[in-house]
Amino acid sequence: MQTGEVIRRIAFNTLDNLHGGRLQDLKETCKSEIVNGVTPEYAARRQDKIMAYAMKQCPFYRDNVAEKALSAFPVQTKSDFLARYEAILSDEFRPRRDKLTRLSTSGSTGTPFTVLADSEKMDHVYMNFMAVMELNGFRLGMKRGEFRAWIKGKNTISAWKSFKNNLKMIDISNMGDASLEAICDRIRRERIQVLVTYSSALTALASYVNRKNIDTRKWAVEMIFTMGEALPQATKELAADVFHTVPVRSYGNNENGFVAVSLDGADDYTIDLYHYQVEILALDSDDPVPDGELGRIVVTDYYNRAFPMIRYDTGDTGKILRWTDEKGRLHAKFTEIYGRRGSMLYNTAGEPLSIHVFMNVLLNFEGVLRQAKCIQTEKDAYELYLNPVDRDTLDENAVTAAYRRYLGDDARITVFYVEDLPIQQSGKTMVCENHCQAYL
């Protein structure tokens, strides 16, 4: 336990106690409801409350929704919200819009998007984050390193905020060996306790540590929290081996917050039903699909009144399992998250493939390929972009055979060689994209 961690925890608790311990109470409620589930009455009340508010305060919902039922509200994508932005913005908060918090996505894999959030929503965002972290062993005030493509003037944070939150900005714009060496040195030297990282960045870092036989046992790392693209099982196991702590899987977005998180090292994701209603809808319609079937992840945010996001099609896909326990409380888990539709590929038989497949293939060619990306152009045609360590010694047939194992024996694969595959502005590395119109 570091001195800076303890001081920050005491400062937070002291300030919060002066305001009646409101944030601490909210955080503990979040933790309890995530683990223990919610009552049907609570879910119905929160859903009813946000729908009633939106129909009264937001011009779009007021003019286009005839009844207070979730099914009466349209499913909307990021583009839909952007097109109707002013009409969805709440009349109550419209005059104070300059004082609202901006929750922005970089648009690295789609459309840039900024959601305005009121203070109550932001309290829930912060305490939701603390809750999902603490449920996995985080202690308030721990020094954490956030892995992103930090761009000065766009997404960097101030020196004061960095100090206050004990947060270190770790830039991953370049993930070559020289950069990875510098990142490792910084984690060790600054005694960073928590790594908050995209799965693709963790894959590169863990592979580097393993390849260079770096002993991390004297490092201060106690926790690894992954975001963004789904964490491959191979990366989870490798990172646990080289860092001596099992990485946490999470699912969420900048617009809403964390929607689900793994608990106790589990491979599935426990959904936060305290903050969200989650639906899984068919890929080609707004009909719900049975539990266990693949569909679009659609989220209703209970707490943002400034910009009510009701039935938000996140662009991601996954499978869900829901149940009611012996006390009558509701629970739900994502058993699989496939990621964005634009990054979900299908094999030649039309079956969906997890992003894990493509990240695992890349792991199997550690030391042979620096980067690789597979793009589906037709139902049976794929383009494979390779950045090899040494093109002269690369066994192209072995690489294509590894991909064909998942894509199908009849897959038509065209190989292109590149010197670099850029990291997205967010810090994500896209290992697969779907350009086939039949699936978009």
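Our subject is the structure listed above.
These numbers come from a predicted model, not from an experiment. (Residues numbered from 1 in each chain as written. Predicted model: local features only at pLDDT ≥ 70, side-chain atom pairs only at ≥ 80, totals over all residues. Heavy atoms only, no water.)

Colleague: So what's going on with the side chain of Arg249? Which residues, and what values?
Modeller: As for its placement among the helices and strands, Arg249 is situated in strand β7 (residues 248–253). Owing to a relative accessible area of 2%, Arg249 belongs among the buried residues under this scheme. Within the structure, the side chain of Arg249 is placed 2.5 Å from the backbone oxygen of Leu231, a separation counted as a polar contact. (Helix = DSSP H or I, 4+ residues; strand = E, 2+ residues; numbered from the N terminus. Buried < 20%, exposed > 50% of the residue type's maximum accessible area, 1.4 Å probe, protein only. Polar contact = N/O pair within 3.5 Å; in protein donor to acceptor, adjacent residues only side chain to side chain.)

Colleague: Break down the environment of Thr317 for me, citing the residues and quoting the values.
Modeller: Relative to the helices and strands, Thr317 is located in strand β12 (residues 312–324). The exposure class of Thr317 is buried, given its relative accessible area of 0%. Distance in space between the C-alpha atoms of Thr317 and Arg189 is 39 Å, their sequence separation being 128 residues.

Colleague: Provide a residue-level description of the pattern of salt bridges, including the pertinent values.
Modeller: All told, the structure shown has 35 salt bridges when counted by the stated rule. As a salt-bridge pair, Arg96 and Glu92 come within 3.9 Å of each other at their nearest N and O atoms. Of the residues examined, Glu92 reaches a relative accessible area of 30% and is grouped as partly exposed. Salt bridges linked by common partners bring Arg62, Glu86, Asp91, Arg94 and Arg97 together as one network. (Salt bridge = Lys/Arg side-chain N within 4 Å of Asp/Glu carboxyl O.)

Colleague: Can you explain the sheet that holds strand β17 (residues 381–388)? Please cite residues and give values.
Modeller: The pairing of strands in a sheet comes from backbone hydrogen bonds and takes either a parallel or an antiparallel form. Pairing within the open sheet is mixed, and its four strands lie in the order β18-β17-β16-β19. Either end of the sheet is taken by a strand with one partner, and the two such strands are β18 (412–417) and β19 (432–434). When the angles between neighbouring strand axes are averaged without regard to direction, this sheet yields 20 degrees. Bridge count between strand β16 (residues 369–378) and β19: three bridges; the pairing is parallel. Bridging across to β19, Ile375 finds its partner in Glu433. Along the sheet face, helix α13 (residues 396–407) touches β16, β17 and β18 and points at about 135 degrees away from the line of β18. (Pairing = 2+ DSSP bridges. Axes fitted to C-alpha atoms, helices over the stretch in contact; angles between N-to-C directions. Contact = heavy atoms within 4.5 Å.)

Colleague: Which residues make up the side chain of Arg148, and what values go with them?
Modeller: Take Arg148: it is sitting in strand β3 (residues 144–148). Among the polar contacts listed, one links the side chain of Arg148 to the side chain of Glu146, at a separation of 3.4 Å. A distance of 3.4 Å separates polar atoms of two side chains, one belonging to Arg148 and the other to Tyr198.

Colleague: Describe the packing of aromatic side chains, and please don't skip the residues or the numbers.
Modeller: With the rule as written, the count across this model stands at 16 aromatic pairs. Here Phe60 and Tyr61 contribute two aromatic rings whose centre-to-centre distance is 5.5 Å and whose plane-to-plane angle is 70 degrees, an arrangement assigned as edge-to-face. The interplanar angle of 10 degrees and the centroid separation of 3.9 Å between the aromatic rings of Tyr346 and Tyr439 together place this pair among those described as stacked. In this pair, Tyr346 sits in strand β14 (residues 345–346) while Tyr439 sits in the segment after β19, placing the two residues 93 residues apart along the sequence. (Phe/Tyr/Trp six-rings, centres within 6.5 Å; stacked < 30°, edge-to-face > 60°.)

Colleague: Break down the pairing of strand β11 (residues 295–301) for me, with residues and values.
Modeller: Of all seven residues that make up β11, seven are buried, and the element is covered over most of its length. Note that strand β10 (residues 276–281) and β11 share six bridges and pair antiparallel. When the bridges of β11 are listed, Ile280 appears paired with Ile297.

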